[in-house]
Structures are given as C-alpha cells and as structure tokens.
Amino acid sequence: MDRRIFLGSAVASAVGATLTACGGGGSSEPALDLAESSRRRPTTTTTTTSAGTTAAKSRVIVIGGGMGGATVAKYLRLWGDAISVTLVERMPTYTSNIMSSLVLTGQRTLGSLSYSYDTLRSKYGITTVFGEVVAIDPVGVKVTLANGTVLTADRIVMAPGISFDAVPGLGTSDKMPHAWQAGPQTTLLANQLNAMRSGGVAVLTIPKTPYRCPPGPYERACLIADWLKVKKPGSKLIVLDANSGIVTEVDNFTNAFMGLHGNVIEYHANAEVTSVDPATMSLMTTAGTIRGDVINMIPRQRAGALVATAGLNNATEGRFAGVNVLSYASTASGAGKVHIIGDASATTQPKAGHIANQEAKVCADAISRILSGGSPDPAPVTNSACFSTITMSQASWLTAVFQYDAATAAMKAVAASSAASTGWDQDNFEDMGEWFKALMGDSFA
Ligand SMILES: Cc1cc2nc3c(=O)[nH]c(=O)nc-3n(C[C@H](O)[C@H](O)[C@H](O)COP(=O)(O)OP(=O)(O)OC[C@H]3O[C@@H](n4cnc5c(N)ncnc54)[C@H](O)[C@@H]3O)c2cc1C
C-alpha cells in the first residue's frame, strides 16, 4: 500500500487511540490515527433539572497546558459536555519540545513551534487562566495561584511536565544549557553551536532513565553530528550516557553512531555526570573528566515541582507521581480526586508527547464517566511512536501499543504491535512532519 494512503487511512482498529512519535511499530509503519482512544463516548449527565432550571456543571481544573493538559481540557469538553473546564497555564503560548532539536540546526524556528490557546477557548469553551499554580489541596480539591486566587473544582488534572535535578557546580551559569524544555535554552544552545570553531568538541549528556523522550537525546546527537560535518568540519561530538547503553531503538542508533556518524560521534556508556565546572567547561563523570567547547548538559529529571509540593511524588524514588492508569488518579493517600498525566506521572509508558496525548484521552474519558456516576473503562489501550532524525533530512521510526494488564494493574507493551524501521530514509522525515502537524492539531485545535 502507498505509504501516504496508509498513513492517511488512520488505523481505526481496536487500539483506537493511535497517534505516532516517541515510542516503540509492528511490522507496519507507524499509524497516524487520531481516533478518540479505544473507549466509547461516555454518557453525560443532563444539565437541566426536572424543574427546568440549569443544574450546576461539574468543574474540572487542568494545571499545565502542554501536550497532556491541552488535550485533556479539549476532550473533557468534547466527551463530557456537562463539565466546565478551566485550564491554568503559566505561559500565554505553548512552545513544543517536539521538533525543537531542529532549531539547533536552523531547520525550524521556535516561532514555528508556538501554539496559542485561542482555539481551545473559542471552539471548545475552555476557560483559560494564565498564572503560576503554587499549591493544590488534593482533599479540598482547591488550586492556589501565585496571585492568591483560589479555584475550586470537583476534580483536578495535573499535567505540569518535568523539572530538572540541580547539577552540582553549575549554579546559575548559562554555559551548559539543557535545551530540554523548548524556549530560551534552545536559542542559547543553538547560538553556542553556531559560535563554535571548526574542529571543536561538543558534548551531549544523557541522564539516567526515566527521562522525557527516550530517543530524544540520541536523535539530537545524530542531528548535531550531521550538522557539524557540514558547518563545523573536523569537529567531534562526545555523547556521555549515564545509562549502561543506548536505551531505545538500539539497532538504528548503534548503526548511526558507529557507522554513518562514526567519524564524528564518540559514545560512552555508563558515563554519569557527577559535577561540572563551567569556568573550564569541564564535566566530572563516572568515566573521567571530559572537556568541551559546547556542552549540552541534560540533567536527571523528576515531575514538575508542583507534584512534590502537593506530596503526590510517591513513585520512582519520589521523582514522579504514582497513578492508577485506568483513570490517572493519584495513588497518594486521600488524593483520588487529583489525576496526573503526561511526563509527571509514573507509568510503564514512555515520557512522550504522543503518550501524554493518549493518557489525556484515557483520563478525560474516565473523569467524564466518573462525574456521570459511572466507572472508568476497565481495558484502556494507548499507542506511542517516534520518528527519530538520523540526519538533517532522514528519519527512522519506532512504535508501540500498550494495553491494560489487570494482573499487574499496569499498561503492558503488546509485543506483536511493536517494532522499529530498518534504517532511515527521507520519506520517514517527511512523514514526521505530517505526524507532528496531526498531533499538535489534535491537542491544540
Ligand atoms: C528535544 C525534545 C524532543 C522531543 N520529541 C518528541 C517526539 O518526537 N515525540 C514525542 O511524542 N515526544 C517528544 N518529546 C517529549 C514531549 O515534549 C513531552 O513528553 C511532552 O511535552 C510531555 O507533555 P506534558 O503535558 O507532560 O508536559 P509539557 O508539554 O511540558 O507541558 C507542561 C505544561 O505545564 C505548565 N506548567 C508547569 N508547572 C506549572 C505551574 N505550576 N503552573 C502553571 N503551569 C505550569 C508548563 O508551562 C507547560 O506548558 C520531546 C522532548 C524534547 C525535549
């Protein structure tokens, strides 16, 4: 079948909630299905009382308007039309992390990755509040903003993304940007790479898992290596991986690191950064001291700070939020009315924008059902996939399906539905652009 017909036909299979970019493919290519997850449309309560007056709507506050938060807000309105949704976000526009490594090579601008909340407001009736949430009361179901405003609701959905561990020795120096949250750090790293001399040494560090977007650092390494060949001949890229080896899409990245980019990339496994010295541009690591002209220092990660502030960081050694994956309700004592989705939650699924979108739909469906007096779908299915840039014009892919496993109360990868491309090509790179547009449209439009 022609790849574009295949991609466009959107696999409306039993697995439904299929999108595609950071995740694991079957023997087929990644599907571009934006279907409404595996679940049926829930019934919703009427808003009219027997006396003919309008009943109070259920209220949900969503904290964080990124890939998870924007999607859950939209689908709560689509599937639970008796629900009033308030989205609280600190920034007036969202900047996508997905595709942001292409800003480093000058192939994208941050502006092209910027998404407004206008459509969520005008088309779906979501109320947006721009401000910083500083506290939540999980029992009283209250949210406090930095300006003192207190909002109350029947349920809270938290999608605050990630925060970074402090790097010993780095302080407030901007000499070793992570660029792992798209924005000023991305511009900083792009400028530093542009200013590097030919024949220079760039370093990229990969933190211990779990971190945001498992293939992300490896694909960034490939992209930078390809760019260095053209723009900074004779330069080297040292990749310091805190893990014992490449953590995902092993065949493609191994071939790219050792073969295609073997004359640029020097890869070290088990090289965890223990401290840094920005003055000498040095990294002290478990594999020795490494110096670089440009250092992309990606620190270890944990849930967005608010999760710990609220005492909901009860998983992954206190780094992320434990959740029941049937509804994404917190597993912390007394916090069952708070749901946590996206990178902040601890599940067996990858921390990816695609998965955040999928979790958002499962969560929206569950909340709609619960607020209508029902129960969450007992058998959710999600999908994840990833296009990885191997060069500035070629990509590989990886996709996986996850199914609820009652025995472990976790989402389990379905082996028969998981695979990766054999190698990389230009068609995949073009498909990546289509996939991205569809994903962002599903979340923000
Ligand atoms: C370089 C890079 C490439 C990537 N590539 C891919 C890819 O190809 N495919 C893929 O699927 N994923 C990719 N990802 C991962 C993806 O970006 C994340 O997994 C995804 O953004 C997670 O969504 P989220 O909603 O959990 O968090 P985010 O999208 O980060 O959203 C969190 C939001 O919460 C807001 N917020 C946080 N705290 C507060 C507060 N206290 N008050 C108010 N607002 C708050 C933030 O401002 C932010 O808007 C990539 C990531 C990076 C860094």
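Notes on the structure in this doc start here. (Residues numbered from 1 in each chain as written. Predicted model: local features only at pLDDT ≥ 70, side-chain atom pairs only at ≥ 80, totals over all residues.)

1. Brief notes about the overall build of the chain
Secondary structure assignment for the chain yields ten helices and 26 strands. A buried classification covers 51% of the 445 residues belonging to the chain. (Helix = DSSP H or I, 4+ residues; strand = E, 2+ residues; numbered from the N terminus. Buried ≥ 20, exposed ≤ 12 C-beta atoms within 10 Å, placed from the backbone.)

2. Examining the nonpolar core
Core analysis: the biggest nonpolar cluster contains 124 residues, and Val62, Val72 and Leu237 have the highest contact counts within it. Counting residues per element, this core draws most heavily on helix α9 (residues 353-371), which supplies ten residues. The residues contacting valine 72, other than those within four sequence positions of it, are Val62, Val157, Ala159, Ile341, Ala360, Cys363 and Ala364. (Core = buried A, V, L, I, M, F, W, Y, C linked by C-beta atoms within 7 Å. Contact = placed C-beta atoms within 7 Å.)

3. Here's the deal with the packing of α9 against helix α10 (residues 426-444)
One can describe the packing of α9 onto α10 by two numbers: an axis separation of 11 Å at closest approach and a directional angle of 35°. Our pair here, α9 against α10, has a crossing hand that is left-handed. Touching Gly353, His354 and Asn357 of α9 are Leu439, Asp442 and Ser443, all from α10. Counted by class, the contact of α9 with α10 contains one nonpolar, four polar and one charged residues. (Axes fitted to C-alpha atoms, helices over the stretch in contact; angles between N-to-C directions. Left-handed = near helix turned anticlockwise from the far one by under 90°. Nonpolar A, V, L, I, M, F, W, Y, C, P; charged D, E, K, R; others polar.)

4. Notes on the site of the ligand
The full set close to the ligand counts 38 residues, and Gly64, Gly66, Gly68, Gly161 and Gly342 are the nearest of them. Every element with two or more residues in the shell around the ligand is listed here: α2 (67-79), β2 (83-89) and α9. Tallied by class, residues from the shell around the ligand come to 18 nonpolar, 14 polar and six charged. (Near = placed C-beta within 6 Å.)

5. Some thoughts on the sheet that holds strand β7 (residues 142-145)
Taken in spatial order, the three strands make up an open sheet running β6-β7-β8, and their pairing is antiparallel. The outermost strands of the open sheet, each flanked by one partner alone, are β6 (133-137) and β8 (150-152). Strand-to-strand twist across the sheet, computed as the mean angle between neighbouring axes with direction ignored, equals 20°. One ladder, built from four bridges, connects β6 with β7; its direction is antiparallel. Paired with alanine 135 across the two strands is threonine 144, which belongs to β7. (Pairing = 2+ DSSP bridges.)

6. What to know about the environment of leucine 87
Locating leucine 87 in the fold gives a position in strand β2. Along the primary structure leucine 87 and alanine 70 are separated by 17 residues, whereas in three dimensions their C-alpha atoms are 7.8 Å apart. If we skip the residues at most four places from it in the chain, leucine 87 touches Val62, Gly65, Gly69, Ala73, Tyr117, Leu120, Ile126 and Thr128.

7. A look at the pairing of strand β9 (residues 155-158)
Residues of β9 alternate between two faces, with Arg155 and Val157 on one and Ile156 and Met158 on the opposite face, all of them buried. Pairing analysis gives four bridges linking strand β1 (residues 58-63) to β9, with the strands arranged parallel. Residue valine 62 lies in a different strand from β9, and its bridge partner there is valine 157. Bridge count between β9 and strand β21 (residues 338-340): three bridges; the pairing is parallel. When the sheet's bridge partners are listed, isoleucine 156 is paired in β21 with valine 338.

8. Remarks on the sheet that holds strand β17 (residues 294-296)
In spatial order, the strands read β13-β12-β11-β17; together these four strands make up an open sheet with parallel pairing. At either margin of the open sheet sits one strand with a lone partner, and together these are β13 (265-268) and β17. Adjacent strand axes in the sheet meet at a mean angle of 15°, parallel and antiparallel pairs treated alike. Direction of pairing for strand β12 (residues 236-241) relative to β13: parallel, over a ladder of four bridges. Directly across from isoleucine 238, in β13, lies its bridge partner glutamate 266.

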